[in-house]
Each structure stands twice: as C-alpha cells, then as structure tokens.
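The residues making up each chain are set out below.
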Amino acid sequence: MTDSKYFTTTKKGEIFELKAELNSDKKEKKKEAVKKVIASMTVGKDVSALFPDVVNCMQTDNLELKKLVYLYLMNYAKSQPDMAIMAVNTFVKDCEDPNPLIRALAVRTMGCIRVDKITEYLCEPLRKCLKDEDPYVRKTAAVCVAKLHDINAQLVEDQGFLDTLKDLISDSNPMVVANAVAALSEIAESHPSSNLLDLNPQSINKLLTALNECTEWGQIFILDCLANYMPKDDREAQSICERVTPRLSHANSAVVLSAVKVLMKFMEMLSKDLDYYGTLLKKLAPPLVTLLSAEPELQYVALRNINLIVQKRPEILKHEMKVFFVKYNDPIYVKLEKLDIMIRLASQANIAQVLAELKEYATEVDVDFVRKAVRAIGRCAIKVEQSAERCVSTLLDLIQTKVNYVVQEAIVVIKDIFRKYPNKYESVIATLCENLDSLDEPEARAAMIWIVGEYAERIDNADELLESFLEGFHDESTQVQLQLLTAIVKLFLKKPTETQELVQQVLSLATQDSDNPDLRDRGYIYWRLLSTDPVAAKEVVLAEKPLISEETDLIEPTLLDELICYIGTLASVYHKPPSAFVEGSRGVVHKSLPPRTGSSESAESPEAAPSAGQAAEQPAVIPAQGDLLGDLLNLDLGPPVSGPPLAASSVQMGAVDLLGGGLDSLLRSDVGGSPAMGGGGGFAAPGPAVPASMGAPLGSGLGDLFDLTGGVGTLSGSYVAPKSVWLPAMKAKGLEISGTFSRQVGSISMDLVLTNKALQVMSDFAIQFNRNSFGLAPAAPLQVHAPLAPNQSVEISLPLNTVGSVMKMDPLNNLQVAVKNNIDVFYFSTLYPLHILFVEDGKMERQMFLATWKDIPNENEAQFQIKDCSLSADAVSSKLQGSNIFTIAKRNVEGQDMLYQSLKLTNGIWVLAELRIQPNNPTFTLSLKCRAPEVSQHVYQAYDTILKN
Amino acid sequence: MIGGLFIYNHKGEVLISRVYRDDIGRNAVDAFRVNVIHARQQNVNAAMVFEFLYKMCDVMTAYFGKISEENIKNNFVLIYELLDEILDFGYPQNSETGALKTFITQQGIKSQTKEEQSQITSQVTGQIGWRREGIKYRRNELFLDVLESVNLLMSPQGQVLSAHVSGRVVMKSYLSGMPECKFGMNDKIVIEKQGKGTADETGKSELGSGKQSIAIDDCTFHQCVRLSKFDSERSISFIPPDGEFELMRYRTTKDIILPFRVIPLVREVGRTKLEVKVVIKSNFKPSLLAQKIEVRIPTPLNTSGVQVICMKGKAKYKASENAIVWKIKRMAGMKESQISAEIELLPTNDKKKWARPPISMNFEVPFAPSGLKVRYLKVFEPKLNYSDHDVIKWSSSTFREHRPGPSTQIERPCGSPWERTCLPVLGFHPRRS
C-alpha cells in the first residue's frame, strides 16, 4: 500500500470529485477520499469547502478513518465554527464509548478544537473522563484541562477542573501523575500569583514515587516541576536530592539535565561542611561528561549548560579539562562551545595542556575556529598570570606562520595582554610592527594603532608608522579612525617636538573633513584640550588605565543564578532570561535560587560567587576597546550637533596657529615642570572665541563646547530636540519642512529648515498658526530672502510669542500650522515640548511653595516614573534649571534625595513638583501638583526629555 | 511545549505538518528553515525537544524503515496517527515502539475484546510501557554484544596523552512473558563490595587477559533499568523490551588495553607525490586472534592516484571516501604488518586546507579494551518458568561473554607539522622530530 499517490492530485475539479467520493456508499472509497483530503491539507491547499462532507464520515467504527476526520476537524473547525457544531454530537457520544481508546481520542480531539460553542459541550465529557476508570483516558483528560485553560481560563476555574487536576497528582498511575503535573505547571505559569502547584512534603513524596515509574518524558515534567519547589530546610533538600540522583544515569539527556537542574538548585541550601555536599559534587561530574557523547545537537545544549555550571560551581568539572578537547569530526558549533569551556576551566594546574591544545587548533582548517582558538590563548594569558609569558610566546610563534587571519587575531589579543600586564611584554612590539602591512581587518588595524600610540616613546619610528595609516584616513572604518586620532594625540603628548604637523593633520582630518559626529566630537575635544591646557590634556589622554581582567566575559552573577534555574531550556542555550525572548506574559516570572543556608560562608572559595548576588564582588568591567577617553566621550554629551554648520571659517582660522601656545606650554611644563597654566591669549580655540571656563571640571567644559557649536553664547539654553520632519515633501508638492522648538533667554522660536525637493523654484513663503492651547503665534512674518531653488534648503529661526488666540487642543500641546508658497497652501500639525513655555521667573518662594502644595487638592496630584536615569540629585537640579525648572529645596530622607521644584508656564499656571531619587535606583518618582492637572502629563514628558538628553 | 512539528523534504517543501498550539501558523515554516527550535510563547525544554526528535526518528524507522521522502509520503497517514498519539498538546507521551505497535497498526483495529483494550491502555500508561504482555517464543534467546570504541590522543613522541573507551552493551531479547533480567559485570565497586578480587588486584595484568575488575567512570541506562536500584545496590535489573535495544553505555579511562599500535610515516616527494607507510602491531597475547581488521587511512582531497603494497590482507584506494581501506581477516597477538602507499597529487592552487582526519581502525578482539567482562546475566520469569533447555541453550550458544563485538580504535593525532600547502600528514606523524 503506498499513500504517496495522494500527494500528486493536482488536476482541476478535484474538490468536486472529492466531494462525490466522500459521499460514496463504499467504505473503502470514503477512506481513500479522506486520505486525499488530508494530503492536500498537508501541502497547504485549502480544502475547507469539503467540511460538511468530511464531517459526515465521522460516524464510523473504523478507528483509522475516525482519526483522519478528527485531524481534518482540528485544522478547519476554527474557520468554520458553525459547521463544527455538527460534530459535537459524535464527540459526546464517543466520550461514552466502551473502548477507552475511543473515549480518549474524542476528549483529546475536542480539546484541540478551539471553538467556543464546542468548548461548552466539552465540560461534561471532560469531567467524566477525568474520573474515568481507565488510566489512558485520565492521562489524556489531564492534558485536556490545560488545553481548555488555554482557550477559556475562567471556564476551567468555574467548573472546578483545577481541583480535579490537583487530585490527579495522587493518582495511582504514574503517567496520569506526570501529565497532571505538566498541565498544572503550564496553568500555573500563566497565573504566577496563584497557589496552584501547592507543593508540600506529602505531594513531593508522591511525585518522587511517580518519578521512578513513569516514562522518560514524564520524568522530565516531574523534575522540571520539582525544580520550582522550595524545600523548607536543608534536610528536606538533601532527601529530595538523594531521590533525584539516580536519574543522572538515565539514557535520555533531557532527564539528566533536568535532574542536574534540581540538584544545582537545591545544593544552594546544603551546607558545604556536609559530607553529602561533597558526595553530590562528585556525582555531578560524570553524567555531565557523558552528555558529550550524545548526538551533536544535544551535545550543544549540554555544552551551553555546562558553560553555566562551570561558572556557577567551577569545582565540579575542574579535573575534567580533557573531555572538552575537540574531536576532529565535531560540528563547528560544538567545537566553538568546547573552546569556551576550556578557557573557563583553565588554571595553573592544566594550562600547559590547554595551551598545547589551543596551539594545535590554531593550525586547523576552519577559519572561525582558528580565530577563536587564537583569542582563547589571549584569554588564558589574562586569566592565568603564570602562563602569560608562555601565551605570548605561543602567539609570537603563530604570528611567524604569517597566516593572515591568525596574525590579525593574535595582534588583537596581544593588545589585551598589554592592558593586563603593562610594561612587561613590550619587547614583542618590533615583531608586531613587521606585520603592519598585512593587516586588513579594522579590529586588527585599530589594535596595532593602539599599541603604537600607547608605546610611542619606545618605538623610534612611531610617527612614520602612524603617518602611513593617515594617508588613507577617509577610507578607514570609524574604529580605526578614532584609534588613529587618539594614538596620534598620545604620540604628540609624548614627543611634541617632532609630531606637531602630524597632530594638526589628524585633527583637521577629523574635525573638518569627516561627516562622522563621533570622530568630529573627539577631534574637537582633543583640539580644545590641547589648546587650552596641555598639561590637563596629558593627564586625561595619558591617564593610567584600569587593568582588564578575566571577569569581563563572565555572566553577571544575578543573571547566572537565574539561568541555573532554567537548565535544559532554551533560556540556558541562549544565555538569556525567558523574558528576553518569550512573547506575552508567560515566563515573565523571574526564578531565583533558594537563599544560601551554608554555615561556612567565610570559608567559601573566592571563585564560587555567593548566590545572594549583591554580596558578590563585582569586578569593574572594562570594554575591550577600553580607552578612557573613549569612555568619557560616550558619557552624556547629549545634544547632537544640530543645525548650523560648525562655523567652518573660524575653525580654519583657528587652525593656523592652533598649537602655538599649546606647544609652548607643553614644552615648558615638560622641561621646567612649571605648574599648569592657561593657554593664555596666544592662540585661538576652535569655534567662536568665547572665554573658556578654565579650571572648571571637564564635564562642564564639554558642555560649553557644545554651547559654542550651537553658535549662541547663552547660559540659559534649554534642551532642544533634534529637528524632525514635520511635512514630508510627498505631501507638499516637493516642499519639505523639518524643525524643532527652542527657548533661549526668554524667547521662544521655531527653528525650521525648508527644503525644495521639487523641480521648480519656490517663493512667496508665509506661515500661520491655528488657535492653540497656549496662544502660540509667530512674532514676525516668515522671512525667506531669496527664492528657494530646487534641491536647496534654507534655515530659518521664526520667533514666537504667546499672545495669539487660545483654544484648548487635544492633545494639549498640539499645534496646527499652515505654510503657503507660490505653489499651494500646506497644512501640518506638530507637538511642541512643554518646556519651551517654562518661564524664567518660575522660582517660587519657599513659604509660598509649602502653602500652595497644601492648598492644591490631593486629587490634582499625579505621579510618574522616570526610568533609566542615572544622574545625581545635583546634576538633576542643574540640568532642570537650564530649562527653567527651579529647585526650591532639597532634603535627604532615609537615604533618598527629595527635590522640591516649581515652574511657571507662559500663561501663568504654576506647577509644583516633588522628585524622589533613590541611590542606585535609576528610576525616579515624580509627583506633580497643579491647579490645571491636564498639563501634568506634558510636564512629566518635558522632565523626561530634559533629564535624558 | 512543542507547538508544532513539521517534516520537510530537501527542497523545503512541507511533507508533514502537525500543529499542537495556537501560536504556530503555517508561516512558522519559514522560521524553521533557520531554526530547529523557535520559541515564542514558552521557554521550552530544549534538551527534551531534541531528545524527542531523535526518538521520533527511531519510532518512524521502527515502523517503516529508512526515513526518506518517499517513505514519508507513503506513510503519511501512519505518521499523523503516531504524532497524534505520542504528542498531546505538545507534551511527549509514551513513545516506545513496543507499546505503540500494539494499537497503531494501520490495519484497522479489529474489534478487540474489553480485556484486550484495557491491556493496551494499562500497558501504554503503566510502569513497563516498553513491553507488551503475552509475548511468546518457542525458543527463548538472549544475545548480548559489547561494542567499544577507543579514543586516543597521542603526543608527537608517541606517548598516550589521553585515552578513553566508550562502550555500549546491546541486547537482542527474544523471550516470552515478562522476564526479570539481572546483568552483572566486573565493576570495581561491586567486586570490592563483595570482598573479592583484592588479592591480585594490582591494576596491571597480563596483556589481553583482562583485569579482575574495572573502574567505570560513568554509565547510562535504557529506561527499562531500575535506576534507584542501581544507585543503591549498583545492580542492573530490568524487564527488557522485545527485540534489539541498547541496555547501557559506559565510559572508562583507567588502564585501557590498546589492542593495536599504529605507526604512520609520511614523506613528501616533491609537490605532487607522497609516500605513506603505516605499520600496525598487535598488542595482546599471541594465543588470541583479532578478526575483521579494517584500517582506514585518509588521503588528501587532490589525490589523483594511489599505488598500494601490503604484506597481509587486501588494500584499496576508495576515491569516493578519500581513503585507503586496508582489510585483514585475522591477526594473532604480538604480530606486525605493514602497508606502503604512493599517493599522486594533482597540483592545486586551492587554498582550502584538508582537515587531516585521523587514521581509524575497526576490529573484533576476544577481549574488551576497557577490560569489561560480563560476569552473569540471569533471567527469571515468574509465571512461565523457562525450561532448562531454554536457559542452557541461551547461555551456551548466544551469550558471547568471551567474544565482545567489534571495537573501534580512533586515534587522533595530537599534532603534526603543517607546511604552507596542504600536505597530507597522517595519523600520528610526530610533530617535532
């Protein structure tokens, strides 16, 4: 008998023919026809039109035919709910059938039909089946409760099915128990608060008994459920562990991993002094090793989990290094993961073996693998200090092979080794320099440049080397450009006399010829630093860098603890908590290890991170590309360089004698060691000449820098959002308008960019606002001096006042604008940030504040959360003050800072605020009180915007 | 849990699609071109999913043989029926073929008696889900094979850096009723417990004769074995499934007997020629015989021709397998044999390196490299009481205690010199000599 013929029917009129066959009197023909229908369904054809005909075949005593019809029903019932009801009677009847297989089949299928009307009829049969005399029917009914819960949770609760399901945990049949556990666990997952799986020592005992008797899959359900139980003390934990350990010898790796999960979790509760603790540790290693002889996919899952276990309890596998040596026929994903574990297990005791092995790998065929092997050698050097020298010499050997990607990878890791052991291995620099020309990957080039810059004083021809990179500056990737800029500045600070020209060259390349804001910003900062205070520059640029350590690539302890609770699951494979990849509400509950009850906490080895999380000493994590200045630059230089071009002419002017004074002072301080002195008048800073804030902390100096680039030397610059497109060209016959709002020294303006994207010239521009909530209106006509030619744009700052007509808008800050030109009139609307309306005299008297706060009824108070803000209270105050939100008082209550603030809108509405800042909590709480509570939401948004920019 | 299961052909067309959960649509197919597991609604047990997929393959193979597109299409109704039975709402149920075959037959169930029905259901859900009741054989037989493979890592100087044996005990049982079996081997822990074997247990024993007891690093068992009993008493007791199954897997690392030594020599003659010489030495008592020896010597991918000369057995270059295969029917202990080959290479600019697979060997020897010995295998059927005739028959002719099955010795070179081009350096050619 071959069924493949059913896959080949593609002729026309097929549905019609099938219909006829389905209604045939002959049983065999009917069955053939149903098979054809199922085959069509499988390959994705729509055969839903045959619904009534197929359902007619349902009443049969041929089990095979019945199953096929049921399969069809499950697929199409949802699209044909009314017709599906026709099947109900048969289902109900089948649930009463003397044959348990048919009863189970009916209840199983009914649960899969997700149609409300059918669900109603399901309740009674399900209730009977849950108490059926036959275990096969009961185990099927147990799962059916979970199905029904998925469709209609309320119904399941109302009908009391959950209680029946709980009773099944004490069933005499192990498979019924296992399925009941699976169903309850799933239901409990969507009701995290409920006490559904109310596990107690009695029910645990029943589960442990069933564990010995049920199928391998049932064992997994039970073990996964046990892992969620919290034993009341260490004795209970131990007795559960004792009954779970035999599972470690199961041939099914999933059973083994689930058992490992239970043991890893409950071990937290065992004292390390206990003999049993040591026994358990010893018992865990062999099964983990055995998992490595499973099929490759399972090996991968096991390895990802071992990676976690090794980080959590390194003592378990510390003697098993050899089993992670790669086999020549391992798939690449297994090889890479083994390599990772090898590094984690590397210690002084086994480092020689590991290195020999890694060196072998570096000559393998697979490029990815070779790269990772070379990188691993570097990581060993950083991890095991005693081996550093051997690692470096191994890396040098590898560089001698001249295999391009090996050389590049080696240089990248040698850079890290330099970061860990400064002034120790610089003798190898000469060898590295020989390979300069062969480097074509950005990361390797950047690493090499970093090395040259960092050790410029010991490399005679450092300037030549760096200069050679400079030639193709614009073709380099950003990473290399940034590194080159920093390296040349370092070089200049170390050898100022010979390299003046070079540094000027790189600064002008970075600031004038580059479109990359990061590069430009860094260029300007160096430029300004060098020209303002070369001594400070030296302190900043050549500052001592913190050492890097092995911990950089360890998983953060709290996450690690959570992942241990997910051993065997996808989360443990991704090394991410389920909330990071699961949609919806499931899996959002964070699992955590039981609290440690061990008595010998102090005797604990330093490697084993205590589970509490906070107690763990968190080493400073330094980014691999770690460059202090780089980090500094990433801090919070909020306002992107916006709008007006950076006054190019003045920059060029400045460049002429840029370093005149700087060089002098640098030389002087070098020679005479004179104290820091200002750059004086000898040279011009880039940008318009504005007195630099000498002696101010670097942070505020940078702030100034940005005020400068903004072109206006105002002190009260409230935050200006970057321009966004308000009116796209498509909607306005080629006119594109983008803009933003700003407030400076009491005047509001609308900064616009008009771009002509049409083919004809535009002229005769005019602008008008609709009535709005705060009476915003143009204070002057829109002045576009010359007609706007195609592909040109013009920037206009339109001053606004607040004396226009008022009409409450929804949302409150909505502004409708009409712009006219010679072509047409266009309308658009935009939302303005409320802080442009915060006036300068918004600081309330203290007494007045208290009185007003009491006076405003409590229902007018609104509370908001400002998330992910890491500023200190003082920084917050000064930042908000820039936007006319004034701090009236600051109090410290129980370690948290309370800021009391006020602000006033242009129309005279006062808003009072209380801002609560807790230490180490990036979420601030903002309470606002105002007589016109509708503004609160917008004030909160203003706060949020200002604080985050 | 498992939301849906799809079977594709090599073109990516769906042959079988069975959806268990609402969150899986037909378009999930696209996601599965890239992922095997794809999570949306739940953090599924990944290990379980993979184990299940392998199990599903076993079940299909047991039902219709090789898993091919044609076979899948031919049996699609059966596959749907199986999928309906062994996965419910994505939760794996009983997946033992022994049990499944009692009621998923594709023959249409003949009207069973009530007793038969309840026997089926209690078996599917019961403690012994892998075996049905009422099996009858005229002659009760039990076959046992020990299959071991030795993995070896050697230094350039020929020193063994690490070696381990991974072994499997495979059984074929054709027994009536519900037999209780008990399997015993020379497990060190058991022997010491019994107070035996301490006298002459020096760790080193005569070549090939095996040891009194062996230290087993770890073992895993088929689900029929009572694990808690093994944990407490270290005894292996079980009611076997019918037919062939893998009773246990084990791993040993201590005192491994290497039945053979393999010594390869490779010489490069110009850019297009290689001379390879491989010597094998048997390393066990002269009175014992190794059989069905097969040595596989990998050759570079750009091999154009091979000339082989061997003193013993037959050797052939198999281009499709990129290897020289050398077969020897039998070889006594403490003997040696050698093969020489001249490999012609095509000049190539191909930068792609050759992965240098290791030399591997297959053979049968009358002892296990790990030293494992079967001490006893007891069978007890409470109701049927096999006749003496049965048991004797079984123990004498089919219980092959002294003839463990084929062993494999895979020897991985620790390293080899690798010049710029893809030179075929084979086996354990010394790294630095």
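Below is a summary of the structure that appears in this document. Note that the coordinates shown come from a computational prediction; the quantities given were computed from them, not determined experimentally.

Once that is clear, we can look at the overall build of chain B. In terms of regular secondary structure, chain B is built from nine helices and 20 strands. For chain B, long-range pairs separated by at least 24 residues make up 72% of all intrachain contacts whose partners lie at least 6 apart in sequence. Counting every atom, chain B has about 19,900 Å² of accessible surface; 50% of that belongs to carbon and sulfur.

The next thing to look at is the sheet that holds strand β5 (residues 777-778) of chain A. Overall, antiparallel pairing links the five strands, which are arranged β1-β2-β3-β6-β5 (chain A) in an open sheet. Because the sheet does not close on itself, it has two edges, and the strands there are β1 (724-727) and β5 of chain A.

On to the interface of chain B and chain A, then. The interface of chain B with chain A comprises 82 residues on the first partner and 96 residues on the second. Summed over both partners, the interface of chain B with chain A buries about 7,800 Å², with 55% contributed by carbon and sulfur atoms. Inspection of the chain B/chain A interface yields seven salt bridges. The partner of B:Glu81 in a salt bridge is A:Lys67, and the shortest N-O contact between them spans 2.8 Å.

Let's shift gears to the sheet that holds strand β19 (residues 374-380) of chain B. Residues and elements named next belong to chain B. Strand order in the open sheet made by the three strands is β9-β7-β19, with antiparallel pairing throughout. Bordering the open sheet on either side are β9 (236-238) and β19, each of which pairs with just one other strand. Going from strand to strand, the sheet's axes swing by 15 degrees on average, the running direction of each strand aside.

Bringing the packing of helix α2 (residues 27-42) of chain A against helix α4 (residues 63-76) of chain A into the picture now. Residues and elements named next belong to chain A. With their axes 10 Å apart at the nearest point, α2 and α4 run at an angle of 35 degrees to one another. Note on packing geometry: the crossing formed by α2 with α4 is left-handed. On the side of α2, the interface is formed by Lys31, Val34, Lys35, Val37, Ile38 and Met41, while α4 contributes Glu64, Leu65, Leu68, Val69, Leu71, Tyr72, Asn75 and Tyr76. Per-class residue counts for the contact of α2 with α4 are ten nonpolar, one polar and three charged.

A separate point is the environment of A:Glu840. All names here are of chain A. Within the secondary structure, Glu840 sits in the loop between β8 (825-831) and α37 (846-855). Taking the relative accessible area as the measure of exposure, Glu840 reaches 33% and is therefore partly exposed. When the C-alpha positions of Glu840 and Val745 are compared, they lie 7.9 Å apart, and in sequence the two are 95 residues distant.

Residue and element names in this part refer to chain A. All told, the structure shown has 25 aromatic pairs over all chains when counted by the stated rule. Considering the side-chain rings of Tyr524 and Trp527, the 6.4 Å spacing of their centres and the 15 degrees angle between planes classify their relative orientation as stacked. Of the two residues, Tyr524 and Trp527 are both situated in helix α29 (residues 517-532); the distance of three residues between them amounts to about one turn of the helix. What makes Trp527 buried here is its relative accessible area of 2%. Centroid distance Phe849 to Trp853: 5.9 Å. Interplanar angle 25 degrees. Geometry classified as stacked. A residue pair is termed a helical-turn pair when its members lie 3 or 4 positions apart in one helix, as Phe849 and Trp853 do in helix α37 at four residues.

This brings us to the pairing of strand β10 (residues 243-252) of chain B. Residues and elements named next belong to chain B. Within β10, seven of the ten residues are buried, which leaves the element mostly enclosed by the surrounding structure. Of the pairings in the sheet, the one linking strand β8 (residues 218-221) to β10 comprises four bridges and is antiparallel in character. Residue Asp218 lies in a different strand from β10, and its bridge partner there is Arg251.

So, on to the environment of A:Ile351. Along the chain, A:Ile351 falls in helix α20 (residues 351-361). Linking A:Ile351 and A:Ser387, residues 36 residues apart in sequence, is a C-alpha distance of 7.0 Å.

Turning our attention to the packing of helix α27 (residues 478-494) of chain A against α29(A). Residues and elements named next belong to chain A. Axis separation between α27 and α29 bottoms out at 10 Å; the angle between their running directions is 10 degrees. Comparing their axes, α29 and α27 come out roughly parallel. Along its contact with α27, which presents Gln481, Leu482, Leu485, Thr486, Val489, Phe492 and Leu493, the element α29 presents Asp518, Leu519, Arg522, Gly523, Tyr526 and Leu530. Class assignment of the residues belonging to the contact of α27 with α29 gives a composition of eight nonpolar, three polar and two charged.

Another aspect to go through is the pairing of strand β3 (residues 747-756) of chain A. Residues and elements named next belong to chain A. In terms of residue burial, β3 counts as a mostly covered element, since nine of its ten residues are buried. Where strand β2 (residues 735-744) meets β3, ten bridges bridge the pair, whose relative direction is antiparallel. The partner of Glu736 across the bridge, within β3, is Thr755. The turn linking β2 back onto β3 is made up of two residues, and Val745 within it adopts a positive phi angle of 40 degrees. Sheet topology places β3 next to strand β6 (residues 793-801); eight bridges connect them, and they run antiparallel. Among the inter-strand pairings, Thr755 is bridged to a residue of β6, identified as Ser793.

Residues and elements named next belong to chain A. In total, this model carries 58 salt bridges over all chains according to the counting rule given. Lys338 is paired through a salt bridge with Asp330; the nearest N and O atoms lie 2.8 Å apart. Each member of the pair, Lys338 together with Asp330, is buried. One continuous salt-bridge network, built from bridges that share partners, spans Arg371, Arg375, Glu409, Glu441 and Glu443.

All names here are of chain A. Ranked by internal contacts, the top residues of the largest apolar core, which has 270 residues, are Tyr72, Leu126, Val244, Leu317 and Phe418. Those residues in contact with Phe418 that lie beyond four places of it in its chain are Tyr425, Glu426, Val428, Ile429, Leu432, Trp450, Ile451 and Tyr455. Phe769, Ile866, Leu880 and Ala942 belong to the second-largest nonpolar core, a separate cluster that totals 63 residues.

Cut-offs applied
Residues numbered from 1 in each chain as written. Chains lettered and ligands numbered in written order. Predicted model: local features only at pLDDT ≥ 70, side-chain atom pairs only at ≥ 80, totals over all residues. Heavy atoms only, no water. Helix = DSSP H or I, 4+ residues; strand = E, 2+ residues; numbered from the N terminus. Contact = heavy atoms within 4.5 Å. Areas by Shrake-Rupley, 256 points an atom, 1.4 Å probe, with all protein chains shown as cover. Pairing = 2+ DSSP bridges. Buried area = accessible area lost by both parts, 1.4 Å probe. Salt bridge = Lys/Arg side-chain N within 4 Å of Asp/Glu carboxyl O. Axes fitted to C-alpha atoms, helices over the stretch in contact; angles between N-to-C directions. Left-handed = near helix turned anticlockwise from the far one by under 90°. Nonpolar A, V, L, I, M, F, W, Y, C, P; charged D, E, K, R; others polar. Buried < 20%, exposed > 50% of the residue type's maximum accessible area, 1.4 Å probe, protein only. Phe/Tyr/Trp six-rings, centres within 6.5 Å; stacked < 30°, edge-to-face > 60°. Parallel < 35°, antiparallel > 145°, perpendicular 65-115°, else oblique. Core = buried A, V, L, I, M, F, W, Y, C linked by side-chain atoms within 4.5 Å.

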